[in-house]
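An overview of the molecular structure
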Amino acid sequence: GGGDVRKETVEFDIYRKVPKDLTQPTYTGAFISILCCVFILFLFLSELTGFIATEIVNELYVDDPDKDSGGKIEVSLNITLPNLHCDLVGLDIQDEMGRHEVGHIENSMKIPLNQGAGCRFEGEFIINKVPGNFHISTHSASAQPQNPDMTHFIHKLAFGDKLQVEKGAFNALGGADRLASNPLASHDYILKIVPTVYEDLSGKQKFSYQYTVANKEYVAYSHTGRIVPAIWFRYDLSPITVKYTERRQPFYRFITTICAIVGGTFTVAGIIDSCIFTASEAWKKIQIGKMS
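Notes on the structure follow. In this text, all values refer to a predicted model and were calculated from it rather than measured experimentally. (Residues numbered from 1 in each chain as written. Predicted model: local features only at pLDDT ≥ 70, side-chain atom pairs only at ≥ 80, totals over all residues. Heavy atoms only, no water.)

1. Concerning the overall build of the protein
Rules: The helix count covers DSSP runs of H or I at least four residues long, the strand count covers runs of E at least two residues long, and both are numbered beginning at the N terminus. Our radius of gyration looks at C-alpha atoms and nothing else; its globule reference is 2.2 Å times the residue count to the power 0.38. We call a residue buried when its accessible area falls under 20% of the maximum for its residue type, exposed when it is over 50%, and partly exposed in between, using a 1.4 Å probe and counting protein chains only. The criterion used for residue contact is that any of the two residues' heavy atoms lie within 4.5 Å. Accessibility throughout is a Shrake-Rupley quantity obtained with a 1.4 Å probe, and a residue counts as covered only by protein chains that appear here.
When you go through the protein residue by residue, the secondary structure sums to two helices and 13 strands. The C-alpha atoms of the protein give a radius of gyration of 36 Å, which is well past the 19 Å a tight globule of 292 residues would have. In the protein, buried positions account for 33% of the 292 residues. Counting contacts in the protein only where the partners sit at least 6 residues apart, residues at least 24 apart contribute 79% of the total. Summed over its atoms, the accessible surface of the protein is roughly 18600 Å², and 59% of this surface lies on carbon and sulfur atoms.

Written as structure tokens, this is what we have:
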């Protein structure tokens, strides 16, 4: 005689298999399955683009972010004066720490324009983190002109590191056109400078400054009664720092979302399919009942 034939059962299989001859394929089920796959693919691609894209989050706090700068800010200025000779153009810097510099020439250059009648001033200089001003004027010229013409066009005024941020007012005065103003008028640009930190995905920080600007135009007379126009940039610093941080969604959250999309879609589709199937079976029974 043969030995006992024992059927071993596996108790831990959560995914019990239903024999194929007990399941019934339907056209509705096939249609819903195709819709499911399309829907899952759409949501998967949407999540993938969201995962790849870098999000920029901003926050505000009260602090001096760039403590290693020694209380200094780098300034970059690029301005055209089409009707003032380069010999007359000069940059002067003053602040509340007692700094008073007339005719600053370090890291700056003057490019003659209009056959020498005009001048383009490009300069990079350092200012202290205290209220003050810097101005373009004829103060440093050896002889003052009779009618200095301060009409100008500002190409760039920026502070600190250059950032690759689309939003913000890092060059708020860029494109300021005062070519049609009164030639003898002085211009006051009152700037509120806001420290800005940009931290990329690797944690590297860059320190820059955004600013807001208000301006006025007026005719200024010296104590001798002569008109001495200038272009003033008066600045003050905000104690509020803006921080932009690059962030990317963590990989585990991406996987969790994908699992939720796949599982959730199939579950909801299964419920819809079973409802349609139950309704159609009930309808068939009603029709058979009517016929009998």
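On we go from here.
2. Considerations on the layout of surface pockets
Stated formally: The definitions used throughout rest on a 1 Å grid laid over the protein atoms alone, on which a cavity is an enclosed set of points accommodating a 1.4 Å probe that cannot get out and a pocket is an open set flanked by protein within 12 Å on both sides along at least five of seven lines; lining residues are those having an atom within 4 Å of a point. Grid points are joined across faces, edges and corners, and a volume is the space filled by probe spheres set on the points. Any residue that is not Ala, Val, Leu, Ile, Met, Phe, Trp, Tyr, Cys, Pro, Asp, Glu, Lys or Arg is counted as polar, Gly included; the first ten are nonpolar and the last four charged.
As a volume, the largest pocket reaches approximately 490 Å³. Lining the largest pocket are 25 residues, with Ser76, Lys156, Ala158, Gly160 and Lys162 positioned closest to its centre. Elements that contribute at least two residues to the lining of the largest pocket include exactly strand E2 (72-81), strand E6 (118-128) and strand E8 (153-160). Here the lining of the largest pocket gets four residues from one element, more than from any other, and that element is E8. When its residues are assigned to classes, the lining of the largest pocket shows eight nonpolar, eight polar and nine charged.

3. Overview of the pattern of salt bridges
Note the threshold: By salt bridge we mean one thing: a side-chain nitrogen of Lys or Arg within 4 Å of a carboxyl oxygen of Asp or Glu.
Evaluated as defined, the whole model comprises eight salt bridges. Between arginine 234 and aspartate 188 there is a salt bridge, with the nearest N and O atoms lying 2.9 Å from each other. Taken together, the residues arginine 234 in strand E12 (residues 231-237) and aspartate 188 in strand E10 (residues 186-199) connect sequence positions 46 residues apart. Residue lysine 192 is joined to aspartate 236 by a salt bridge in which the shortest nitrogen-to-oxygen separation is 3.4 Å. In this pair, lysine 192 sits in strand E10 while aspartate 236 sits in strand E12, placing the two residues 44 residues apart along the sequence. Given a relative accessible area of 43%, lysine 192 falls into the partly exposed group.

4. Looking at the packing of aromatic side chains
Our working rule: Two aromatic rings, drawn from Phe, Tyr or Trp (for Trp, its six-membered ring), form a pair once their centres lie within 6.5 Å of each other, and the interplanar angle then sorts them: stacked below 30 degrees, edge-to-face above 60, tilted otherwise.
Tallying each qualifying case throughout the model produces nine aromatic pairs. Centroid distance phenylalanine 51 to phenylalanine 254: 4.6 Å. Interplanar angle 20°. Geometry classified as stacked. Of this pair, phenylalanine 51 sits in helix H1 (residues 27-52) while phenylalanine 254 sits in helix H2 (residues 251-291); the two residues are 203 residues apart in sequence, bridging distant segments of the chain. Classification of phenylalanine 51 as buried rests on a relative accessible area of 17%. With 6.1 Å between their ring centres and 40° between their planes, phenylalanine 251 and phenylalanine 254 make a pair best called tilted. With phenylalanine 251 and phenylalanine 254 both in helix H2 and three residues apart, this pair spans about one turn of that helix. Residue class for phenylalanine 254 comes out buried when judged on its relative accessible area of 6%. Among the aromatic residues, ring-to-ring pairing joins Phe125, Phe134, Tyr189, Phe233 and Tyr235 into one connected group.

5. What to know about the state of the cysteines
Test applied: The definition used for a disulfide is geometric: two cysteine sulfur atoms within 2.5 Å.
One pass over the structure, following the stated rule, counts one disulfide. With a sulfur-sulfur separation of 2.1 Å, cysteine 86 is cross-linked through a disulfide to cysteine 119. Judged by the sign of its S-S torsion, about 95°, the cystine formed by cysteine 86 and cysteine 119 is right-handed. Of this pair, cysteine 86 sits in the loop between E2 and strand E3 (90-95) while cysteine 119 sits in strand E6, and the two are 33 residues apart along the sequence. The class of cysteine 86 is buried, set by a relative accessible area of 10%. Just so you know, cysteine 36 is unpaired, no disulfide at all, and the nearest cysteine sulfur is the one on cysteine 37, 6.6 Å from it. Here cysteine 37 falls in the partly exposed class, since its relative accessible area comes to 47%.

6. Details of unusual backbone geometry
With phi around 55°, asparagine 107 is a residue other than glycine that occupies positive phi space. Relative accessible area serves as the criterion here: at 59%, asparagine 107 is assigned to the exposed category. Despite not being glycine, asparagine 114 has its phi angle at roughly 50°, a positive value.

7. Digging into the side chain of glutamate 199
Tracing the backbone shows glutamate 199 in strand E10. For glutamate 199, a relative accessible area of 18% gives the class buried. Residues contacting glutamate 199, with those up to four places away along its chain left out, are Lys204, Gln205, Lys243, Tyr244, Thr245 and Glu246.

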